[in-house]
Amino acid sequence: MHALKQKLVLRSFSVLVCGLLVIISAQNLRACPFCPGPSKPLTEQLLQADVAVLANWVEAEEGTLKQSGKTVFQIKEIVRQPAKEDFKAGTRVTIQRHYSGKTGALFLLLGSRGAQIKWDDPIEVTEASFRYITQAPGLKQATTQRLKYFLKFLEDPDQTIANDAFAEFANAPFEHITPLAQELPREKLQSWLASSKTPVPRLGLYGLLLGLCGQESEIAFMEQKTNESTEELRLGIGGLISGYLMLTGSEGLTKIEQSKFLAKDVAFSETYAAMQALSFIWSYENCQISKDRLRQSMRLLLERPELADLAVANLARWEDWSVMDRLMKMYGQEDYQSRSVKKAIVRYLLVAAKGKNKSGEGPDIATVKKAKLFLNQLRNEDPATVKSAERFF
């Protein structure tokens, strides 16, 4: 029992770091589920600004208790300004905040209209990154067409450019990326995944992209990467596992089960990432792994008490009612005493008891009847947990 508590503590920490379990719509794979929290790309910031100028840093004064700091810039180039403004090259702009910089350094200044222009935090740029931003296609263009422009700048030597191009892909719905499969730089993606210089947050996306465009020759590499031995938390590994499954199908899933689900010494974060990958593959329509095969894989995680609540939640979402009797036997057992597992089981039963929806999907009459019977049983045996689960259902 003590060992289980240690696992649960570790799980709580890992979940906090990894983020909440990804729940992806079956109809629309939105922003990359294996990337850091989405950031607003520079092109979007530029298009939303009322005022945009390229300026050189001139000087700055630090603030005091009595007076705020200030920074002076000199405009070099006008990108956009309202008709009532009369900015010109050479005009000096003072922002009432202190920003450090070097004389002559380039900054992109973005602002919004009002009684006075409200300036956002200056963005330090280079000539190259400024041209990259200003020449990027507008938001009115189709996302897939826009991504063709940003594809050229992934891992650009200028980190401002590389980070922004990554953000464009990380924020894009996956179904808008899939048409680019034939244009993705397969060999470069593999080299980026292999390089220790590639920023860790980008690995999840690159794993997905390689799965989308990869060939049989990449399978061995991806398998080796997914099984690398490490004691560190590997952010983005879920994307690599997903890409591997996209290439290998059910055969690859069997290997992931062995290495991530059934192995006794695997880190929680690795198993959690593989669970995320299953959720992604469930929603990825072009994958050759059947829904029943994915359900079978998810059921393996019921043997992991520290993951059982997440597995139960997924099985409810995937309408796998075959485990209902098994969950009732698990309820309250020593290894499954945690409140989160119990509430997950109650919610599973609540979903099963709802019956078919307007689209004709959902459990059949026999399943509904059994779920209601079990719910009544738990209401008598553990009313507090059932009430708590229903409250947030």
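Residues numbered from 1 in each chain as written. Predicted model: local features only at pLDDT ≥ 70, side-chain atom pairs only at ≥ 80, totals over all residues. Heavy atoms only, no water.

Here the focus is the pairing of strand S1 (residues 51–61). Along any regular strand the residues' side chains alternate between the sheet's two faces. The pairing of S1 with strand S4 (residues 106–112) spans 6 bridges and is classified as antiparallel. Across the sheet, the residue bridging to Leu54 is Leu108, located in S4. (Pairing = 2+ DSSP bridges. Helix = DSSP H or I, 4+ residues; strand = E, 2+ residues; numbered from the N terminus.)

What follows deals with the packing of helix H11 (residues 268–283) against helix H12 (residues 291–299). In contact at an axis separation of 11 Å, H11 and H12 are set at 165 degrees when each is read in the N-to-C sense. Judged on the interaxial angle alone, H12 and H11 are roughly antiparallel. Crossing of H11 against H12: the hand is left-handed. Between H11, through Met275, Leu278, Ile281 and Trp282, and H12, the contact on the second element is made entirely by Lys291, Leu294, Arg295, Ser297 and Met298. Broken down by class, the residue content of the contact of H11 with H12 amounts to 6 nonpolar, 1 polar and 2 charged. (Axes fitted to C-alpha atoms, helices over the stretch in contact; angles between N-to-C directions. Parallel < 35°, antiparallel > 145°, perpendicular 65-115°, else oblique. Left-handed = near helix turned anticlockwise from the far one by under 90°. Contact = heavy atoms within 4.5 Å. Nonpolar A, V, L, I, M, F, W, Y, C, P; charged D, E, K, R; others polar.)

Taken domain by domain, the protein chain comprises domain 1 (42–133) and domain 2 (317–392). One C-alpha centre belongs to domain 1, the other to domain 2; they are set 57 Å apart. (Domains from an automatic or database assignment.)

Before going further, it helps to spend a moment on the environment of Ala389. Relative to the helices and strands, Ala389 resides in helix H17 (residues 383–391). Ala389 sits 39 residues away from Leu350 along the chain, and the two C-alpha atoms are 9.1 Å apart. Look past the residues within four positions of Ala389 in its chain and what remains in contact with it is Lys343, Val346, Arg347 and Leu350.

Right, let's get into the state of the cysteines. A complete count under the given rule lists 1 disulfide for this structure. Cys213 supplies the cysteine sulfur nearest to Cys287, a cysteine that is in no disulfide, at a spacing of 16 Å. The exposure class assigned to Cys287 is buried, which follows from its relative accessible area of 13%. (Disulfide = S-S within 2.5 Å. Buried < 20%, exposed > 50% of the residue type's maximum accessible area, 1.4 Å probe, protein only.)

This part takes up helix H16 (residues 365–381). Between the first and last C-alpha of H16 there are 25 Å, a value that for 17 residues agrees with the 24 Å anticipated at 1.5 Å per step. Inspection of H16 places Thr367, Val368, Ala371, Phe374, Leu375 and Leu378 among the buried residues, and these make up the whole buried set. In an axial view of H16, the angular spread of the buried residues amounts to 130 degrees, which keeps them on one side of the axis. In H16, the exposed residues that point more than 90 degrees away from the buried face are Ile365, Ala366, Lys369, Leu373 and Asn380. (Expected span 1.5 Å × (residues − 1). Arc of directions from axis to C-beta.)

What follows deals with helix H5 (residues 159–171). In this model H5 runs 18 Å from its N-terminal to its C-terminal C-alpha over 13 residues, within 8% of the 18 Å that 1.5 Å per residue would give. Buried within H5 are the following residues: Ile161, Ala162, Asp164, Ala165, Phe166, Ala167, Glu168, Phe169 and Ala170.

Glancing now at the layout of surface pockets. Approximately 390 Å³ is the volume attributed to the second largest pocket. In this structure, the second largest pocket is lined by 17 residues; those nearest its centre are Val200, Leu203, Lys225, Glu228 and Arg234. When grouped by side-chain class, the residues that make up the lining of the second largest pocket number 8 nonpolar, 5 polar and 4 charged. (1 Å grid on protein atoms, 1.4 Å probe; cavity = no way out; pocket = protein on both sides within 12 Å on 5 of 7 lines; lining within 4 Å. Points joined across faces, edges and corners; volume = space filled by probe spheres on them.)

Let us look at the packing of aromatic side chains. Counted by the stated rule, this structure contains 15 aromatic pairs. Taking 6.1 Å as the distance between ring centres and 20 degrees as the angle between the ring planes, the aromatic pair formed by Phe280 and Tyr284 counts as stacked. The burial state of Phe280 is the same as that of Tyr284; both residues are buried. Pairwise contacts between aromatic rings join Phe34, Phe174, Phe280 and Tyr284 into one cluster. Seen from the ring of Trp282, Lys291 lies directly overhead, with NZ or CZ sitting 4.2 Å from the centre. (Phe/Tyr/Trp six-rings, centres within 6.5 Å; stacked < 30°, edge-to-face > 60°. Lys NZ or Arg CZ within 6 Å of the ring centre and 35° of its normal.)

The grouping of Val200, Leu233 and Leu235 at the surface amounts to a nonpolar patch, some 220 Å² of accessible area in total. Structurally, Val200 can be placed in the loop between helix H7 (186–194) and helix H8 (203–213). Classification of Val200 by relative accessible area gives partly exposed; the value is 41%. (Patch = residues over 30% accessible without salt bridge, like charges linked within 9 Å, V, L, I, M, F, W, Y side chains within 5 Å. Areas by Shrake-Rupley, 256 points an atom, 1.4 Å probe, with all protein chains shown as cover. Salt bridge = Lys/Arg side-chain N within 4 Å of Asp/Glu carboxyl O.)

Attention shifts here to the nonpolar core. Grouped together as the largest cluster of nonpolar side chains are 104 residues, with contacts concentrated most on Leu154, Phe169, Leu245, Tyr348 and Leu349. Top element by residues in this core is H11. It accounts for 10 residues. Looking at which domains feed residues into this core, each of domain 1 (42–133) and domain 2 (317–392) gives three or more. Formed by 15 residues, the second largest nonpolar core is a distinct cluster that contains Phe73, Val93, Tyr99 and Phe107. (Core = buried A, V, L, I, M, F, W, Y, C linked by side-chain atoms within 4.5 Å.)

This next bit is on the side chain of Arg146. Within the element layout of this structure, Arg146 appears in helix H4 (residues 143–151). Discounting chain neighbours no more than four positions away, the residues touching Arg146 are Thr43, Pro137, Gly138, Leu139, Gln141 and Glu168.

So, on to unusual backbone geometry. Note on backbone geometry: most residues besides glycine have negative phi, and most peptide bonds are trans. For Glu155, which is not glycine, the phi torsion reads 60 degrees and is therefore positive. On the secondary structure map, Glu155 appears in the loop between H4 and H5. Glu155 sits in the partly exposed class, given a relative accessible area of 22%. The backbone phi angle of Glu319 is positive, close to 55 degrees, even though this residue is not glycine. With respect to the element layout, Glu319 can be found in the loop between helix H13 (308–317) and helix H14 (324–330). What makes Glu319 partly exposed here is its relative accessible area of 35%.

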